[in-house]
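Report on the structure
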Amino acid sequence: ESQNNLSVTSLRSLPMPGGEADVLRTAAFQTGVQTGVDGVGGMHVRGGNADQNLILLDDVPVYNPGHALGLFSIFNPSTVSNARLWKGDFPARYSGRASSVVDIRTRDGDLRQYHTNASAGLFASSLSAEGPLIRDRAAFLLAGRTTYFGPWIKFFSKRGNLVNFSGDNAGYRFYDLNLKLNYVLSDRNRLYFSYYYGGDLFNNQFDQRYDDPDGLQTDRYTIHSDWGNTIAALRWNHVLSKDLFVNSTLRYSRFYYQSQLAYNSTFLYSN
């Protein structure tokens, strides 16, 4: 079967690393789909490469769909309404990829009642809220997620070199922010706005010391790297008739990566 609907219910019930539900991990359980080495090399569908997949969030292409080198996806499970995976024979509107299409849609928000939801796992925690801005006319969905990898990195780096960084000040975390607004203009017109902002942060600092006949030299290296996505979409849905409608979408997607290296050298002379 070329198309698979990824059940949101099964997404939350499948065992995942650290107890975190993950839509791309759910896709990896489908036939013909494999992950890379140790599960962090991206999604490979029927022999294709990871960069041959088209990943969409509310009709917007996602250029980097993973956190922690692919161990987690950027999609907060509390915001996902439905997800579909095409492993082949996907519609012509999804042109530009040779391997597969993953189409993920976020929830619209409740037009009548307010809801909040919080979750916490071994590696990350999330909080979401939704409800009406104008009853039966406008609604919002707001969700945030962050992780606390720092203590785990320090713990495993001291247990048989399971995780090994130079220096004792390595730190890593990722974060996600989702916003969804929808407004009912009329019986035939509805406006949607989707926004995602998230990324990864890595920091490390380590020293190297050299003994010299004239004194002691200390070199200090400070590394800071951050990368992530900014995604936005404004969609107008217009119903022409009972069996025909038009979707017009203005979309924006940006992936960024930046890295900094600071170096300081100190030399203490001996008398």
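Look above for the structure.
Residues numbered from 1 in each chain as written. Predicted model: local features only at pLDDT ≥ 70, side-chain atom pairs only at ≥ 80, totals over all residues. Heavy atoms only, no water.

Focus: the sheet that holds strand β15 (residues 215–241)
Sheet strands pair via backbone hydrogen bonds, and the direction of the pair is either parallel or antiparallel. To keep things clear, this is the line we draw: Here, strands pair whenever DSSP counts at least two bridges between them. Counting from the N terminus, the helices are the DSSP runs of H or I reaching at least four residues and the strands are the DSSP runs of E reaching at least two. Note on method: axes are straight lines fitted to C-alpha atoms, helices fitted across the in-contact stretch only, with angles between N-to-C directions ranging 0 to 180 degrees.
With antiparallel pairing, 7 strands are arranged side by side in an open sheet as β10-β11-β12-β13-β14-β15-β16. Edge positions in the open sheet fall to β10 (115–120) and β16 (244–269), since each of these has one partner strand only. Averaged over all neighbouring strand pairs, the angle between strand axes comes to 5 degrees, with direction disregarded. Bridge count between β15 and β16: 26 bridges; the pairing is antiparallel. Along β16, the bridge assignment pairs V239 with F245.

A look at the environment of D226
This is how the line gets drawn: Working rule for contacts: check all heavy atoms of both residues, and any pair within 4.5 Å makes them a contact. Here a polar contact is taken to be a pair of N or O atoms separated by no more than 3.5 Å, where protein atoms must pair a possible hydrogen donor with a possible acceptor and residues adjacent in sequence count only if both atoms sit in side chains.
For D226, the location among the structural elements is in strand β15. Along the chain, D226 and R173 lie 53 residues apart, while their C-alpha atoms are 9.8 Å from each other. Contact partners of D226, with chain neighbours within four places excluded, come to D200, L201, Y256, Y257 and Q258. A polar atom in the side chain of D226 sits 3.5 Å from the side chain of H224.

Quick look at the packing of aromatic side chains
For any pair of aromatic rings, the description consists of the separation of the ring centres together with the inter-plane angle of the planes. Applied cut-off: Stacked, tilted and edge-to-face are the three classes assigned to paired rings of Phe, Tyr and Trp, where Trp is represented by its six-membered ring and a pair needs centres within 6.5 Å; plane angles under 30 degrees give stacked, over 60 edge-to-face, the rest tilted. The buried label goes to any residue with under 20% of its type's maximum accessible area, the exposed label to any with over 50%, and the partly exposed label to all in between, with areas taken from a 1.4 Å probe on protein chains only.
What the rule picks out here adds up to 7 aromatic pairs. Measuring from centroid to centroid gives 6.1 Å for F72 and F123, while their planes differ by 65 degrees, and the two rings are edge-to-face. Placement of the pair is F72 in strand β7 (residues 72–73) and F123 in the loop between β10 and β11 (124–134), with a sequence separation of 51 residues. Across this residue pair, the class does not change: F72 and F123 are buried. One aromatic cluster is present, built from ring pairs that chain together F72, F123 and F174.

A word on unusual backbone geometry
Of note in the backbone geometry, D59 takes a positive phi value of approximately 75 degrees without being a glycine. Relative to the assigned elements, D59 resides in the loop between β4 (53–57) and β5 (60–61). Classification of D59 as buried rests on a relative accessible area of 17%. At D136, a position not held by glycine, the phi torsion is positive, near 65 degrees. With relative accessibility at 36%, the residue D136 sits in the partly exposed group.

Points about the nonpolar core
Side chains of nonpolar character tend, in soluble globular proteins, to be buried together. Using the following cut-off: Within this scheme, the nonpolar core is defined by two criteria: the residues are buried Ala, Val, Leu, Ile, Met, Phe, Trp, Tyr or Cys, and they are joined through side-chain atoms within 4.5 Å.
Membership of the largest hydrophobic core comes to 23 residues, with the highest contact counts inside it found for V23, L57, V62, F75, V102 and I104. When residues of this core are assigned to their parent elements, the largest contribution, 4 residues, is made by helix α2 (residues 23–28). Among residues more than four places away in sequence, those in contact with F75 are V23, L24, I55, L57, V62, P65, I104 and R145.

Notes on the side chain of D219
Here D219 lies in strand β15. At a separation of 3.2 Å, a polar atom in the side chain of D219 contacts the side chain of Y263. A distance of 2.8 Å separates the side chain of D219 from the side chain of S265, its partner in a polar contact. With sequence-adjacent residues up to four places away left out, D219 is seen in contact with F206, D207, Q208, Y210, Y263, N264 and S265.

Considering the environment of A83
Examined against the element boundaries, A83 turns out to sit in strand β8 (residues 80–86). The spatial distance from the C-alpha of A83 to the C-alpha of L24 is 9.5 Å, given a sequence separation of 59 residues.

Quick look at the pairing of β15
Alignment of strand β14 (residues 189–212) against β15, held across 24 bridges, turns out to be antiparallel. Counted as the bridge partner of F206 is Y221 from β15. Taking the residues between adjacent antiparallel strands as the criterion, β14 and β15 are bridged by 2 residues. From the end of β15 to the start of β16, which pair antiparallel, there are 2 residues.

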